[in-house]
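Below, each chain spelled out in residue letters.
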Amino acid sequence: MADALIIPLTPDPEKPYMAHGEKISSITLRPPVGGDFVACGYPMIILSPDEAMADETDQAEQSGQGEFRPNAAACAKLISRLGGIPYSTVAALNAADFNACMMGVLSFLGAAKPAKPS
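Residues numbered from 1 in each chain as written. Predicted model: local features only at pLDDT ≥ 70, side-chain atom pairs only at ≥ 80, totals over all residues. Heavy atoms only, no water.

Q: What exactly am I supposed to notice about the nonpolar core here?
A: A general trend in soluble globular proteins is that nonpolar side chains are found buried together. Judged by nonpolar contacts, the single largest core of 23 residues is most densely connected at Ile-27, Leu-29, Ile-79 and Leu-93. Elements with a minimum of two residues in this core: strand E2 (17-19), strand E4 (26-29), helix H4 (72-83) and helix H6 (95-107). Sequence-distant contacts of Leu-93, defined by excluding residues within four places in its chain, comprise Leu-9, Tyr-17, Ile-27, Phe-98 and Cys-101. (Core = buried A, V, L, I, M, F, W, Y, C linked by side-chain atoms within 4.5 Å. Buried < 20%, exposed > 50% of the residue type's maximum accessible area, 1.4 Å probe, protein only. Helix = DSSP H or I, 4+ residues; strand = E, 2+ residues; numbered from the N terminus. Contact = heavy atoms within 4.5 Å.)

Below is the structure:
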């Protein structure tokens with residue numbers, strides 16, 4: 001199982017991040033388990049090649065393959081749940097800190113192992 005990730009934060013000194021009545025300077029994300037995805041949603045949106053083509057993105061048109069896109073709403077819920085902090089704290093994160101936390105959540109997904117035929 002993956003190790004917990006410590007995400008350092010860069011709040012505005014005038015508006016520190018608060019969680020449970022205390023200032024925080026980092027968020028420690030524990031590795032997710034299946035129940036976390038059931039409760040919060042999957043952090044990636046998976047588009048088929050047809051859906052990606054219909055979206056008219058240059059990358060999809062060139063590759064003809066599907067796409068994976070971050071699901072910010074599910075990531076926000078997972079940051080709260082995995083980090084043990086209130087959702088209001090996640091909502092107060094600046095864009096850079098939210099993105100760092102979201103990338104931390106996504107890093108837990110890793111590479112999928114192919115299924116073994118039965």
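Continuing now.
Q: Could you clarify how one ought to interpret the environment of Pro-16 in this entry?
A: Take Pro-16: it is sitting in the loop between strand E1 (5-8) and E2. With relative accessibility at 33%, the residue Pro-16 sits in the partly exposed group. Spatially, the C-alpha atom of Pro-16 lies 9.6 Å from that of Leu-93, the residues being 77 residues apart in sequence. Setting aside chain neighbours within four positions, we find Pro-16 in contact with Pro-11 and Lys-23.

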